[in-house]
Amino acid sequence: MKRSFTRTDRVSAQLRRDVGQLVHEAVREHGLPSVSVSDVEVTRDLAHAKVFVTALEPERAREAVKALKGLTKEIRYELGKRVRMRAVPELHFHYDDSVDRGERIEALLRGES
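Residues numbered from 1 in each chain as written. Predicted model: local features only at pLDDT ≥ 70, side-chain atom pairs only at ≥ 80, totals over all residues. Heavy atoms only, no water.

J.: Sorry, what's going on with the nonpolar core here?
T.: It is characteristic of soluble globular proteins that their nonpolar side chains tend to be buried jointly. Residues Val23 and Phe93 are the most contacted members of the largest nonpolar core, which totals 28 residues. Among the elements of the structure, helix H1 (7-30), strand S1 (35-42), strand S2 (48-55), helix H2 (61-70), helix H3 (72-82) and strand S3 (90-95) are those that each provide at least two residues to this core. Tallying contributions element by element places H1 first for this core, with seven residues. Not counting the four nearest positions on each side in its chain, Phe93 is found in contact with Val19, Val23, Val51, Val53, Val65, Leu68, Lys69, Thr72 and Ile75. (Core = buried A, V, L, I, M, F, W, Y, C linked by side-chain atoms within 4.5 Å. Buried < 20%, exposed > 50% of the residue type's maximum accessible area, 1.4 Å probe, protein only. Helix = DSSP H or I, 4+ residues; strand = E, 2+ residues; numbered from the N terminus. Contact = heavy atoms within 4.5 Å.)

Have a look at this one:
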């Protein structure tokens, strides 16, 4: 049986691409710690979007997310120019610690502490 993709899935994928590019540009422009967008979850009414980011340097992740939250209005404005939507979702940045947890579990399995 073929899985049909809902509109929120398609919007999430598009936002992941566009927000990823905008975050990359913001990192270069503002000298932020290096981060990348790992996922975007959009609410059913398309009013809000949770943007999950991962950091190359996990110890500077809090700083990076704080900076991105400060740039939210600017990023949302630029996003509005790129996407063809009646209303651009409100962006909420969150740190995605799944990579860190995966590395920690892998280290535990190898016997390292």
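J.: How should the sheet that holds S2 be read in this particular structure?
T.: Either a parallel or an antiparallel arrangement is found when strands of a sheet pair, and the pairing is made through backbone hydrogen bonds. Spatial ordering of the open sheet is given by S1-S2-S3, a layout of three strands whose pairing is mixed. If you trace the sheet from one side to the other, it starts and ends with S1 and S3, each paired once. Averaged over all neighbouring strand pairs, the angle between strand axes comes to 30 degrees, with direction disregarded. Bridge count between S1 and S2: seven bridges; the pairing is antiparallel. Paired with Asp39 across the strands is Phe52, a residue of S2. On top of the sheet, H1 reaches S1, S2 and S3; it is set at about 155 degrees to S1, its chief contact. (Pairing = 2+ DSSP bridges. Axes fitted to C-alpha atoms, helices over the stretch in contact; angles between N-to-C directions.)

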